[in-house]
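Single-letter residue listing:
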Amino acid sequence: MYRGVKEGKMDVTGAIKTRRSIRKFRRMEMPVDMLDHLLEMARVAPSGANRQSWEMVVITDRLRLKGLVPICKDQAFVGDCSAFLVGIDDPHQKWAKVDLTIAMDHLSLAAVEEGLGTCWIGAFDQARMSEYIGLPADRKVTVCMALGYPDETPPARGRKKGEELFSWDRYGERDRI
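We now turn to the structure provided with this report. (Residues numbered from 1 in each chain as written. Predicted model: local features only at pLDDT ≥ 70, side-chain atom pairs only at ≥ 80, totals over all residues. Heavy atoms only, no water.)

**Section: a nonpolar patch on the surface**
Piece 1. On the surface, Leu165, Phe166 and Trp168 cluster together to form a nonpolar patch covering roughly 320 Å² of accessible area.
Piece 2. Looking at the element boundaries, Leu165 is found in helix H6 (residues 162-165). (Patch = residues over 30% accessible without salt bridge, like charges linked within 9 Å, V, L, I, M, F, W, Y side chains within 5 Å. Areas by Shrake-Rupley, 256 points an atom, 1.4 Å probe, with all protein chains shown as cover. Salt bridge = Lys/Arg side-chain N within 4 Å of Asp/Glu carboxyl O. Helix = DSSP H or I, 4+ residues; strand = E, 2+ residues; numbered from the N terminus.)

Written out as structure tokens, the structure is:
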């Protein structure tokens, strides 16, 4: 059914290395079982004290997707994706934002495995998004994600070298002992 396991091995490294932010989608409906599989990958992600203090609103209706474009700072590709995920956290839970991010990252890597693309959406109007999805006042939209069938293959972008990012035993110690 899903390509998640090949010859007994999961290809997590391949998904990590090939994942790109997709900003051009083919307007295609996603099969319900595939979307359910991806949401399950988010659901089983680890969370602080296993609280899972996050929720998602999944938008697939074409008119509702188009309505998101002005809320998302006129990013037109949002209206073309197959599903738009609105990540919600409980601001009273210390690790809610981190837990939501882990869940969405799991989903984005599973999407790559299925030949799909994602784009994290941080540019949106918080008040308008909250109103659009009917969010209660005690919850907050943390981050969103466009999900769908890529209509582009962006090249890999440059990354810093490991020695610029990692210290050994103490901050600033760049050499391994």
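**Some words on the pattern of salt bridges**
Side-chain pairs of opposite charge can arise whenever the charged atoms involved come near each other.
Piece 1. All told, the structure shown has 7 salt bridges when counted by the stated rule.
Piece 2. The salt bridge involving Asp89 is made with Lys97; its shortest N-O contact spans 3.3 Å.
Piece 3. A salt bridge links Arg139 to Asp138; the shortest N-O distance between them is 3.2 Å.
Piece 4. Overall, Asp138 belongs to the partly exposed group, its relative accessible area being 39%.
Piece 5. Among the ionic contacts, a cluster of salt bridges with common partners joins Glu55, Asp90, Asp138 and Arg139. (Buried < 20%, exposed > 50% of the residue type's maximum accessible area, 1.4 Å probe, protein only.)

**Structural notes on unusual backbone geometry**
Where the residue is not glycine, phi is negative for most of them; where a peptide bond is considered, it is trans in most cases.
Piece 1. The backbone of Ala49 sits at a positive phi, close to 55 degrees, despite the residue not being glycine.
Piece 2. With respect to the helices and strands, the residue Ala49 is situated in the loop between helix H2 (32-43) and strand E4 (54-59).
Piece 3. Classification of Ala49 as exposed rests on a relative accessible area of 63%.
Piece 4. Here Lys73, not a glycine, exhibits a phi torsion of approximately 55 degrees, which is positive.
Piece 5. With respect to the helices, strands and loops of the structure, Lys73 is situated in the loop between helix H3 (62-71) and strand E5 (83-89).
Piece 6. The exposure class of Lys73 is exposed, given its relative accessible area of 51%.

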